[in-house]
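Given next are the chains, with one letter for each unit.
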There are 4 protein chains.
Amino acid sequence: MRVGVVGLGNMGAGIAANLIKAGHEVTVYNRSRPKVDALAAQGATPADSVADACRGDVVLTMLANDDAVAAVAFGDGGIITSAGPHTVHISSSTISVELSKRLTEAHAAAGGGFVSAPVFGRPEAAAAAALFVVAAGPADTVDALGPVFDAIGQRTFVVSEDPSAANLVKLSGNFLIASVIESLGEAMALVDRGGVDKHQYLDILTSTLFSAPVYKTYGGLIASEQFEPAGFAAPLGLKDIRLVLTAAEELRVPLPIASLLRDRFLRLLAAGGDELDWSAISTLAAQDAGASDHSA
Amino acid sequence: MRVGVVGLGNMGAGIAANLIKAGHEVTVYNRSRPKVDALAAQGATPADSVADACRGDVVLTMLANDDAVAAVAFGDGGIITSAGPHTVHISSSTISVELSKRLTEAHAAAGGGFVSAPVFGRPEAAAAAALFVVAAGPADTVDALGPVFDAIGQRTFVVSEDPSAANLVKLSGNFLIASVIESLGEAMALVDRGGVDKHQYLDILTSTLFSAPVYKTYGGLIASEQFEPAGFAAPLGLKDIRLVLTAAEELRVPLPIASLLRDRFLRLLAAGGDELDWSAISTLAAQDAGASDHSA
Amino acid sequence: MRVGVVGLGNMGAGIAANLIKAGHEVTVYNRSRPKVDALAAQGATPADSVADACRGDVVLTMLANDDAVAAVAFGDGGIITSAGPHTVHISSSTISVELSKRLTEAHAAAGGGFVSAPVFGRPEAAAAAALFVVAAGPADTVDALGPVFDAIGQRTFVVSEDPSAANLVKLSGNFLIASVIESLGEAMALVDRGGVDKHQYLDILTSTLFSAPVYKTYGGLIASEQFEPAGFAAPLGLKDIRLVLTAAEELRVPLPIASLLRDRFLRLLAAGGDELDWSAISTLAAQDAGASDHSA
Amino acid sequence: MRVGVVGLGNMGAGIAANLIKAGHEVTVYNRSRPKVDALAAQGATPADSVADACRGDVVLTMLANDDAVAAVAFGDGGIITSAGPHTVHISSSTISVELSKRLTEAHAAAGGGFVSAPVFGRPEAAAAAALFVVAAGPADTVDALGPVFDAIGQRTFVVSEDPSAANLVKLSGNFLIASVIESLGEAMALVDRGGVDKHQYLDILTSTLFSAPVYKTYGGLIASEQFEPAGFAAPLGLKDIRLVLTAAEELRVPLPIASLLRDRFLRLLAAGGDELDWSAISTLAAQDAGASDHSA
């Protein structure tokens, strides 16, 4: 298929490279040129504008946040107006349910197709075509995109005909990760006070009921108190929890742990933790138990 | 080794059977006789009293709660007075840090050895000698018990010379399980309102970052809303969260998620949920989002 | 002074009437005409447009929410463009800190004066010129408005040169009221279960340390479980708590009780409580203690 | 009436003095002798033992906590065995619901009368006979004690025939005070960050809806950050919140604000705040908003 990729950060670059490897005709656009050149060297066609990336069967956006996606979608020369009736927009960024709904409506009004397909996986998984894709949109449109999803991920889950449902799933996943961070932070603060080594404690957990990547990855960061450089910075954590809470408020769903997490992130940022990994909220439970402040 | 086993419930019976299989000389005691007979058929020597089970190298207790352990330990003919200087008491029950400390002191005063060794694993794991043992106590005493631990579990973690540290680890593990239940309950209430199938949602989670037994087991119960018969009843959940909070209060460690969990269990029980599995606290998030009440 | 009043609901009508009584020349504007006529009968000059109400020394807005204030302030013929350099805009509505800042900037850019002056007090207090006015803005501008504030309230507190500070104070006051509702709800659920009469309990509280209007008013509603008709409807409560949380997030201030209140309001609304008084969140503590549901 | 008073701290001494002034025959007992002598100088008869204080119509205990009350009530020469069928025990200490029930049962078994009558008011109110008495017990017994209650307080509320109900009311009152402290702490942290003077803010609150002693007293301490010397020390605050939570757990009443308060007190104590007034938990909201630590 002919696929335009807009956004060549760590995630988008990996996705574009795998689309090329899978035999798709890939056009790439990025605000800064060097990343475009790197992909061109792998066989992609450089695009000079967002509109240029919208002339194939698919235009896939992988950008940092709502503002970045809205900027390339709406306005002059944006995707909404540039993608014709034969070009489907796949939004893979972690964006709000609200923006997803706005995109759905705008594409429908413009006569174009829209599918939301956020992914689970870090940049290494993107590079290895090992992402998990959570897709939602009209069934036939999603079906036809199979070759694209197969090229970038190891498995695709189709969750709804409503694109925004995929964004809700993605955001809820980040909420669950943050819940693990907080609960591990509390448990480690407790056993640490009780004289148990935190690394050994983590070993017990991940050898038994908690043998999942999320416990190994974040448990290691928490036990080592190693929060720099940030894999996913605290302000992004706050942003995602805020997006979860906003989506939940729209659906009238109280989420007490998400409320707690929001308070934790605010406190971490108030203490100057903007540069820390989001797992640094785990230090707050330790501080409250009398440990000295590691966050500032 | 010569090992007495006091308490032949689902867990204790499996442990005793595996000790026999491993070649230990096993004496068994239980309040009700039929369970003693079943083990006798497998090669154990029946004991007529707790004191009779205290004449070997080791007496291992595996009982329901603090009260049951205190009853066989203290008082006339109890383990404290019956176990001589050559008999080590291994406490494998999930008991409070406080009782563990009382046992430590009482055995020390009586000149006997004491090791705390609670286990992670359900009755099936006990039957399969696949438990994870978390042991704490004087290093040489714990070392000498290797053959016992090897006979009942797949791995032993020695966490401290202070026996109560093992109990703290065990209790904190139950806190983490309950945290998973609550956070999954909230996340599922949210995506359910957003039109996503809960079973498919769980499949996404457990295929990705959350591929751990605790998510599979409890996620399945929550998605299916199947809380009877209880694998671990709600009042026991409340009890363990209370024990965690009490231990944490002693160490002056605030645990906000544990506080939330305590409120959840109280609410579930106030609604008549005594017979339900502890994972039924997940229904409360769904109720708060407007779902009808499944708990009563 | 020549004062335009925009918004003649229960609060605005009382304010306009008192301005007339105090001898000011009052022009009134309201979207629906009958309320204008009622004030005209008391001596006010009817205005045909918002712009017409902006030709005096002052234009005071008293409207329902952010949207209503933004609608009369921005856009064609709005206050920002209609109020000249000699007309000060007093905003007395309960609006967001964010909108207050936008108004401050827009008036500054347009060369006009702006003061924020939300009030504490219900419609009866507005009618009796017994409001408490919390004013913020440039000192000389606020000083010059003394005759206006004196006409409508019993006391004026000047809190800052930054107008939005007054809105923050007003919103935080509503947060404190909601905190009283929640804590009374919990306490009454407790003593009720303990066999104590709720009305007598309230009598004890308000006879002693808690002898304030907020306890008497809301305590009475809670003890009587009388939530209809709503004096201040639950969706407005949620809105104000959301505005507090948003303002606090901007300042990076975690407010755990506000987080709890947000969850309470969402739950009440999810159960169908849109028409109830905001004090109906008190029923949730009682429900959680096993009382039957009064909210739906 | 002939009244024995056991416990001559700030509260008990004031109560005993007022009983003397009202014409009762007062016998006094205290562990340390000087306080006994001071009351003897005012006309009381010194008692050499608790039993000696139990020979009149009434023996009133006013002691620091459960342990102190249990010590004088149970055991050899204690009130339970010393008070005959004609001597009613009035317990005015702030004790647990559980101990109140134990006292009720023990007195009933011994054939004596028991009334629980905790008081609201600080030592100054005790000295001025201006306490508020919350009494519970058998109606005729309580009625007969009218002259005692009238001598020590300005008003008596009879809440139940079950003595422990009075203790529940007293404890719930302390919960409500702590709720005010926490919510004021959060609100002041917010407006302080927004540039509003905390003292002026408190003036606004207490001039309007929040014109109650609890806001004036504690608001002043919070605004001034003056937590030493402690009027009521933080460990006592934690103790009372624990007693509320325990009583609520027994009745299966979740109290989310009490759970939050418990975490706050633990954190304050973990930071070394044992000597501070309980209102110092208000500093935690300010710390979380980025203020420097005032608690240690």
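Conventions we followed
- Residues numbered from 1 in each chain as written.
- Chains lettered and ligands numbered in written order.
- Predicted model: local features only at pLDDT ≥ 70, side-chain atom pairs only at ≥ 80, totals over all residues.
- Heavy atoms only, no water.
- Helix = DSSP H or I, 4+ residues; strand = E, 2+ residues; numbered from the N terminus.
- Rg over C-alpha atoms; globule rule 2.2 N^0.38 Å.
- Buried < 20%, exposed > 50% of the residue type's maximum accessible area, 1.4 Å probe, protein only.
- Contact = heavy atoms within 4.5 Å.
- Areas by Shrake-Rupley, 256 points an atom, 1.4 Å probe, with all protein chains shown as cover.
- Lys, Arg positive; Asp, Glu negative; His and termini not counted.
- Charge placed at Lys NZ, Arg CZ, Asp CG, Glu CD.
- Least-squares fit on C-alpha atoms with pLDDT ≥ 70 in both.
- Buried area = accessible area lost by both parts, 1.4 Å probe.
- Salt bridge = Lys/Arg side-chain N within 4 Å of Asp/Glu carboxyl O.
- Polar contact = N/O pair within 3.5 Å; in protein donor to acceptor, adjacent residues only side chain to side chain.
- Nonpolar A, V, L, I, M, F, W, Y, C, P; charged D, E, K, R; others polar.
- Domains from an automatic or database assignment.
- Expected span 1.5 Å × (residues − 1).
- UniProt positions renumbered as here; feature names shortened; annotations may be inferred.
- Axes fitted to C-alpha atoms, helices over the stretch in contact; angles between N-to-C directions.
- Parallel < 35°, antiparallel > 145°, perpendicular 65-115°, else oblique.
- Left-handed = near helix turned anticlockwise from the far one by under 90°.

If you check an unreviewed UniProt entry, chain A appears there as 6-phosphogluconate dehydrogenase from Mycolicibacterium sphagni.

Caption draft 1: Molecular detail of the overall build of chain A. When its secondary structure is counted, chain A shows 14 helices and nine strands. Taking 296 residues into account, the globule formula puts the C-alpha radius of gyration at 19 Å, and chain A, at 20 Å, falls close to it. In terms of overall dimensions, chain A has a C-alpha envelope of 65 × 45 × 35 Å along the principal axes. Counting all 296 residues of chain A, 61% fall into the buried class. Long-range contacts, defined here as pairs at least 24 residues apart, represent 65% of the contacts in chain A between residues at least 6 apart. Here chain A displays about 10,200 Å² of accessible surface, and carbon together with sulfur accounts for 50% of that area. Treating the 20 positive side-chain charges of chain A as one cloud and the 32 negative ones as another, the clouds have centres 1 Å apart.

Caption draft 2: How the structure looks around unusual backbone geometry. Residues B:Glu228 and B:Pro229 are joined by a peptide bond in cis, for which omega reads -5°. Among the secondary structure elements, B:Pro229 is positioned in the loop between α11 (213-224) and α12 (234-250). A positive phi is found at A:Arg252, a non-glycine position, where the angle reads about 60°. Mapping A:Arg252 onto the fold places it in the loop between α12 (234-250) and α13 (256-270). Relative accessible area serves as the criterion here: at 27%, A:Arg252 is assigned to the partly exposed category.

Caption draft 3: The relation of the copies chain B and chain A, seen in detail. For the match of chain B to chain A, the screw axis carries a shift of 0.0 Å, the RMSD comes to 0.0 Å, and the turn is 180°. Here the symmetry operator amounts to a two-fold rotation axis. Taking C-alpha positions as the reference, the residue of chain B nearest the rotation axis is B:Ala212, at 2.3 Å. When the interface residues of chain B are mapped onto chain A, 100% of them again lie at the interface, so the same face is used by both copies.

Caption draft 4: Spotlight on the interface of chain B and chain A. Listed by partner, the interface residues are 57 residues for chain B and 57 residues for chain A. Between chain B and chain A, roughly 4,900 Å² of surface is buried when both sides are summed, and carbon and sulfur atoms account for 75% of that area. If you sort the residues of chain B by the area they bury against chain A, B:Leu176, B:Leu190 and B:Leu209 come out on top, with a joint share of 14%. On the surface where chain B and chain A come into contact, there are two salt bridges. At the junction of chain B with chain A, the criterion picks out 13 residue pairs in polar contact (both at pLDDT 80 or more). Of all the elements in the fold, those that place two or more residues in the side of chain B that touches chain A are β8 (131-136), β9 (153-160), α9 (163-193), α10 (198-207), α11, α12 and α13 (256-270) of chain B. Sort the elements by how many residues they give to the side of chain B that touches chain A and α9(B) lands first, with 19 residues. Here the side of chain B that touches chain A is built from residues that sort into 39 nonpolar, 10 polar and eight charged.

Caption draft 5: Just the domain arrangement of chain A, in detail. All names here are of chain A. Domain assignment breaks chain A into domain 1 (2-161) and domain 2 (168-288). Placing the centre of domain 1 and that of domain 2 at their C-alpha centroids yields a distance of 29 Å. Carbon and sulfur atoms supply 71% of the area that domain 1 and domain 2 bury against each other, a total of about 950 Å² over both sides. When the area that domain 1 buries against domain 2 is broken down by residue, the three leading residues are Thr 94, Val 97 and Phe 120, summing to 47%. For the pair domain 1 and domain 2, the number of links is zero salt bridges.

Caption draft 6: The arrangement of helix α12 (residues 234-250) of chain D in detail. Residue and element names in this part refer to chain D. For α12, with 17 residues, the first-to-last C-alpha span of 24 Å sits near the 24 Å given by 1.5 Å per residue. Across the 17 residues that make up α12, a large majority, 12, are buried. Along α12, the residues classified as buried are Ala 234, Gly 237, Leu 238, Lys 239, Asp 240, Ile 241, Leu 243, Val 244, Leu 245, Ala 247, Ala 248 and Glu 249. Two residues or fewer after α12 comes Arg 252, characterised by a positive phi angle close to 60°.

Caption draft 7: Region of the structure containing the side chain of B:Ser183. Positionally, B:Ser183 belongs in helix α9. Note on B:Ser183: relative accessible area 3%, which makes it buried. A polar contact of 3.2 Å, which involves the side chain of B:Ser183, links it to the backbone oxygen of B:Val180. Not counting the four nearest positions on each side in its chain, B:Ser183 is found in contact with A:Phe175, A:Leu176, A:Ser179 and A:Ile257.

Caption draft 8: Examining the interface of chain B and chain C more closely. Each partner contributes residues to the interface: chain B has five residues there, and chain C has five residues. Summed over both partners, the interface of chain B with chain C buries about 420 Å², with 54% contributed by carbon and sulfur atoms. The three residues of chain B that bury the most area against chain C are B:Arg267, B:Ala270 and B:Asp288, which together make up 84% of that side's buried surface. Across the chain B-chain C interface, the total number found is two salt bridges. For C:Arg267, the salt bridge identified is with B:Asp288, shortest N-O distance 2.9 Å.

Caption draft 9: Just the pattern of salt bridges, in detail. On inspection of all chains with the given rule, the structure shows 60 salt bridges over all chains. Residue A:Asp52 is joined to A:Arg55 by a salt bridge in which the shortest nitrogen-to-oxygen separation is 3.0 Å. On the basis of relative accessibility, which here comes to 28%, the residue A:Asp52 falls in the partly exposed class. Using a relative accessible area of 53% as the deciding quantity, one classes A:Arg55 as exposed. Between C:Arg264 and C:Asp288 there is a salt bridge, with its nearest N and O atoms 3.5 Å apart. Note that C:Arg264 is positioned in helix α13 (residues 256-270) and C:Asp288 in helix α14 (residues 282-288), a separation of 24 residues in sequence. Each member of the pair C:Arg264 and C:Asp288 is classed as buried.

Caption draft 10: Region of interest: helix α9 (residues 163-193) of chain A. Compared with the 45 Å implied by 1.5 Å per residue over 31 residues, the 46 Å span of α9(A) between its first and last C-alpha is a close match. Immediately downstream of α9(A), the backbone of A:Gly195 shows phi near 90°, a positive value.

Caption draft 11: Broad picture of the UniProt feature "active site" (unreviewed entry) in chain A. Residue and element names in this part refer to chain A. The UniProt record annotates "active site" (unreviewed entry) at Lys 170. Counting through the fold element by element, Lys 170 comes out in helix α9. A relative accessible area of 9% means that Lys 170 is categorised as buried.

Caption draft 12: Region of the structure containing the environment of D:Thr206. Residue and element names in this part refer to chain D. Position of Thr 206 relative to the elements: it lies in helix α10 (residues 198-207). As a C-alpha pair, Thr 206 and Lys 216 span 10 residues in sequence and 6.5 Å in three-dimensional space. If we skip the residues at most four places from it in the chain, Thr 206 touches Ser 211, Tyr 215 and Lys 216.

Caption draft 13: Molecular detail of the packing of α9(B) against α13(B). Residues and elements named next belong to chain B. Direction vectors running N to C along α9 and α13 enclose 70°, while the axes themselves pass 10 Å from each other. As far as their axial angle goes, α13 and α9 are roughly perpendicular. In this structure, α9 contributes Phe 175, Ala 178, Ser 179, Glu 182 and Glu 186 to the contact, and α13 contributes Ile 257, Ala 258, Leu 260, Leu 261 and Arg 264. Considering only residue class, the contact of α9 with α13 consists of six nonpolar, one polar and three charged.

Caption draft 14: Just the packing of α12(B) against α13(B), in detail. Residues and elements named next belong to chain B. Across the interface, α12 lies against α13 with an axial gap of 9 Å and an inter-helix angle of 150°. In terms of orientation, α12 lies roughly antiparallel with respect to α13. The interaxial crossing formed by α12 with α13 has left-handed handedness. Only Ala 258, Ser 259, Leu 261, Arg 262, Phe 265, Leu 266, Leu 268 and Leu 269 of α13 make contact with α12, whose side of the interface consists of Ala 234, Pro 235, Gly 237, Leu 238, Ile 241 and Leu 245.

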